[in-house]
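Spelled out, the chains give:
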Amino acid sequence: MGPPPVPPPPVAVNNHNSAQNQIVPPQNQQGTVPALRRRSNVVKEVERLKKNREERRARQAEQKAEKQELMNLDPGNPNWEFLAMIREYRASLDFKPLCENDVLDDRQILVCVRKRPLNKKELIRKEVDVVTVPNRELAIIHEPKLKVDLTKFLENQIFRFDCAFDETANNELVYRFTAQPLLQTIFDGGMATCFAYGQTGSGKTHTMGGDFNGKSQDCTKGIYALAAKDVFRFLRSSKYRDLDLNVSASFFEIYSGKVFDLLNNKKKIRILEDGKQQTQLLGLQEKITESMEDVLKLIQHGNSVRTSGQTSANQHSSRSHAVFQLILRKRNSSKKLHGKFSFIDLAGNERGADTLSTNRQTRMEGAEINKSLLALKECIRALCRKGAHLPFRASKLTQVLRDSFLGENTRICMIATISPGMQSCELSLNTLRYADRLKEYGAQDPEMKQSPNGEEGNHMDLDGSAEDNDFAQIRSLNEYDLPPEIGRASCRERV
């Protein structure tokens, strides 16, 4: 190898020039020089992003833990998010359920709502309870909704009625605040009427007829039997003993616009008007009853022959309106009518889309049921307006019950039954809107334990006037039964 390279000789530096070529660091206002290794803006931005990332990951881990905790409360429930929101909303409410010692005002028209508990099928499907009854007047529907970005939220719709029963209320408590206050009316020479309205499977027949044990029904615990028991008790009292009254009962059904006597082998009954414009049911039998046992036998026989059918919503759906009447007449030869109490177990209301059946007979039944229910609502509203036109000829149901809407000494009670499951949410809303229209109460926010932080949905009509909503409701209920030209013609008329 050769010798190493020789480095170049040092270059002399002029001290005067080197002082001028040196870089002088900048000075601040105080004349001090900051550190030379000052962090740049890029480094600070990277550190800020790192800190935000760590905080975001911590929040996500916390949210994931909360989510897992909520899922563990009801494992396997696909609607656990809605369930958690409903529980949070209920935790802010002050619950004051109806008690037997409560007192209701005396009103001509009484509108009540009853919520049934979740049944076995709904519990197996892990249905979410979307109905809350916080006090004796309010019923709240927690309607599940989705935003545009698929975020889940609740629209809490509030309804106010004369009386609201939660899932813990039994038939005795319901009778105590609905039909029992109307008994005085028939002994004073008036007409009393009690309706049970709601979707199929919501508990109407259970409320009116009694508890079900499998397919058998205990008629002693229904409103029919409880009212009959009090009627005989009133007759034996010293106050009404001198009236010398007889108690008779009739039981008939209205099916597809025709009336059949359930106590006389379902014989067809003709509906006519006499010279005094009073509705007469030709061929209807009235059975004289002397005791509670006689009434129970008639109820059991009538329920056993009542028309029922199977739909996708209910395997044993009542397809007819059942009318049970307790009639007070004088014992003398004239047999003059003194008072009458009518109990109507209305057929289950459901939309044509919910039947999932191509059977024309089922669709025609649904259309006839919905038409009679709409006519019934208009007659009750006309009774509220005092002197308004009474459209009782719109259906056989209102024609038969014409005397229940006439006269000053007339009282009516409507019991709206609703199902609590999420799948029945839309039908429960339709039921409450129907009942709300009868008296058109204004809903008020329920009492809270603390001031609410989030928005609460109020029950209000956003689609137009009452007539528009009525038309839309009857159209939606029968949209699969009406030909398209009828819908278009109706829309042209309204425009």
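Residues numbered from 1 in each chain as written. Predicted model: local features only at pLDDT ≥ 70, side-chain atom pairs only at ≥ 80, totals over all residues. Heavy atoms only, no water.

## Comments concerning the overall build of the protein
Each helix and strand in the protein was counted, giving 15 helices and 18 strands. The proportion of buried residues among the 495 residues of the protein is 45%. In the protein, the proportion of contacts linking residues at least 24 apart, taken out of those at least 6 apart, comes to 70%. With the model as given, the accessible surface of the protein reaches about 27900 Å², and the carbon-plus-sulfur share is 50%. (Helix = DSSP H or I, 4+ residues; strand = E, 2+ residues; numbered from the N terminus. Buried < 20%, exposed > 50% of the residue type's maximum accessible area, 1.4 Å probe, protein only. Contact = heavy atoms within 4.5 Å. Areas by Shrake-Rupley, 256 points an atom, 1.4 Å probe, with all protein chains shown as cover.)

## As for the nonpolar core
Nonpolar side chains tend to gather and get buried jointly when the protein is soluble and globular. Ranked by size, the top nonpolar core spans 53 residues in total, and within it Phe 195, Phe 252, Leu 376, Ile 380 and Phe 405 carry the most contacts. Setting aside residues up to four positions removed in sequence, Phe 252 forms contacts with Val 259, Phe 260, Asp 261, Leu 262, Ile 269, Leu 281, Leu 284, His 321, Ala 322, Val 323, Gln 325 and Val 400. Listed in part, the 50 residues of the second largest apolar core include Leu 235, Leu 298, Phe 324 and Leu 328. (Core = buried A, V, L, I, M, F, W, Y, C linked by side-chain atoms within 4.5 Å.)

## What about the sheet that holds strand β2 (residues 131–132)?
Note: strands within a sheet are paired through backbone hydrogen bonds, in either parallel or antiparallel orientation. Pairing is antiparallel in the open sheet, where 3 strands are placed in the order β2-β3-β4. Both outer strands of the open sheet, β2 and β4 (152–160), are each paired with one neighbouring strand and no more. Pairing between β2 and strand β3 (residues 138–146): 2 bridges, direction antiparallel. Following the sheet pairing, Val 131 is matched in β3 by Ile 141. Of the strands in this sheet, β2, β3 and β4 touch helix α3 (residues 80–91), which is tilted by about 45° from β4. In the packing of helix α13 (residues 425–439) onto the sheet, the strands contacted are β3 and β4, and the crossing angle to β3 comes to about 140°. (Pairing = 2+ DSSP bridges. Axes fitted to C-alpha atoms, helices over the stretch in contact; angles between N-to-C directions.)

## Focus on helix α8 (residues 223–236)
Taking 1.5 Å per residue as the helical rise, α8 with its 14 residues ought to reach 20 Å, and the 20 Å between its terminal C-alpha atoms agrees with that figure. Residues of α8 that are buried include every one of Ile 223, Tyr 224, Ala 225, Leu 226, Ala 227, Ala 228, Asp 230, Val 231, Phe 232, Phe 234 and Leu 235, and no others. (Expected span 1.5 Å × (residues − 1).)

## As for the packing of helix α11 (residues 360–385) against α13
Relative placement of two packed helices is described by the angle separating their axes and the distance separating the axes. Relative to each other, α11 and α13 sit at 25°, their axes nearing to 8 Å. In terms of axis orientation, α11 runs roughly parallel to α13. Across from Leu 373, Leu 376, Lys 377, Ile 380, Arg 381 and Cys 384 in α11, the residues of α13 making contact are Tyr 434, Arg 437 and Leu 438. Residue classes in the contact of α11 with α13 are distributed as 6 nonpolar, no polar and 3 charged. (Parallel < 35°, antiparallel > 145°, perpendicular 65-115°, else oblique. Nonpolar A, V, L, I, M, F, W, Y, C, P; charged D, E, K, R; others polar.)

## Things to note about the environment of Ala 249
Position of Ala 249 relative to the elements: it lies in strand β9 (residues 245–255). Residue class for Ala 249 comes out buried when judged on its relative accessible area of 0%. Placed 37 residues apart in sequence, Ala 249 and Glu 286 show a C-alpha to C-alpha distance of 5.4 Å. The residues contacting Ala 249, other than those within four sequence positions of it, are Leu 263, Gln 285, Glu 286, Lys 287, Thr 289, Leu 298, Phe 324, Gln 325 and Leu 326.

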